[in-house]
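An overview of the molecular structure
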Amino acid sequence: MKWITREKIKVDRVACPWLIRNFVDPEAEFVFLPHDTNWAAIKDGIVFDVPNCELGHHGEDVSFNSILKKYKLTDPALVLLGEIVRAADSRAHNPHPVGEGLRWIASGFGALGLSDREILEREFIVYDALYAECERQVKKA
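The numbering scheme is per chain: residues are counted from 1 as the chain's sequence reads. In keeping with the model being predicted, local features are shown solely for residues with a pLDDT of at least 70 and side-chain atom pairs are shown and tallied solely at 80 or more, while totals for entire chains, interfaces and linings include all residues. Side-chain metrics in this entry use all non-hydrogen atoms of the structure; hydrogen atoms and water are not considered.

Let us look at the packing of aromatic side chains. Planes of paired rings set the category: under 30 degrees apart is stacked, over 60 is edge-to-face and the rest tilted, where pairs are Phe, Tyr or Trp rings (Trp by its six-membered ring) whose centres lie within 6.5 Å. Under the defined criterion, the tally for this structure stands at seven aromatic pairs. Ring plane angle 80° and centroid distance 6.4 Å describe the contact between F30 and F48, whose orientation is recorded as edge-to-face. Of the two residues, F30 sits in strand β2 (residues 29–33) while F48 sits in the loop between β3 (46–47) and α2 (63–70), which places them 18 residues apart along the sequence. Ring-pair connections join several aromatic residues into one group, and the members of that group are W3, F30, F48 and Y71. Secondary structure elements follow DSSP: runs of H or I no shorter than four residues count as helices, runs of E no shorter than two count as strands, and numbering proceeds from the N terminus.

Below is the structure:
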């Protein structure tokens, strides 16, 4: 399946492909289009993290949270990771403290001048590690 979002990816638009590839669609193909794309006209894929879409921001939830809900992903470590992504990608009223570090990491990847595909390749390992730590933290609780 094609999964379509905006180019110049940062926090949520890296976290979502990681989530999709690992827990929803292992064969996912990601397409990055310009910000001024007519998102409502796209019919040949699943649009995410763009304005006014089902798998986008709703209230304080970011697209990662919307994907968790839509695909009924209830793993406590993923839910915790969702809180961290929300804190890094939005102005949550009670942000998880790890979110600020994730925001810095995402900004750093953006500053490297890499393509969106290169960012995904390199940053997926960050999400693998963060998820592993979320699993560890959930088991401790």
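On we go.
On to the sheet that holds strand β1 (residues 2–6). Sheet architecture is open: three strands sit in the order β2-β1-β3, paired in parallel fashion. If you trace the sheet from one side to the other, it starts and ends with β2 and β3, each paired once. By definition, two strands form a pair when at least two bridges between them are found by DSSP. By the bridge criterion, two bridges tie β1 to β3 in an arrangement that is parallel. In the strand pairing of β3, I4 is matched with V47. Running over the sheet, helix α1 (residues 11–24) touches β1 and β2 and is turned about 170° from β1. We call two residues in contact whenever any of their non-hydrogen atoms come within 4.5 Å of each other. All axes here are fitted lines through C-alpha atoms, helices being fitted over the stretch that makes contact, and every angle between N-to-C directions spans 0 to 180 degrees.

Quick look at the pairing of β1 now. For a regular strand, side-chain orientation follows a simple rule: the groups alternate between the two sheet faces. Within β1, four of the five residues are buried, which leaves the element mostly enclosed by the surrounding structure. Taken together, the five bridges between β1 and β2 define a ladder with parallel strand orientation. If you follow K2 over to β2, its bridge partner there is E29. By convention a crossover is right-handed if, when the strands point away from the viewer, the path from the first strand over the helix to the second runs clockwise. As a crossover connection, the stretch from β1 through α1 into β2 is right-handed. Residue burial is assigned from relative accessible area. The probe radius is 1.4 Å, only protein chains are included, and a residue is buried under 20% of its type maximum, exposed over 50%, and partly exposed in between.

This part is about the side chain of S66. With respect to the helices, strands and loops of the structure, S66 is situated in helix α2. With relative accessibility at 9%, the residue S66 sits in the buried group. Discounting residues that sit within four places of it in the chain, S66 has contacts with E54, L55, G56 and H58.

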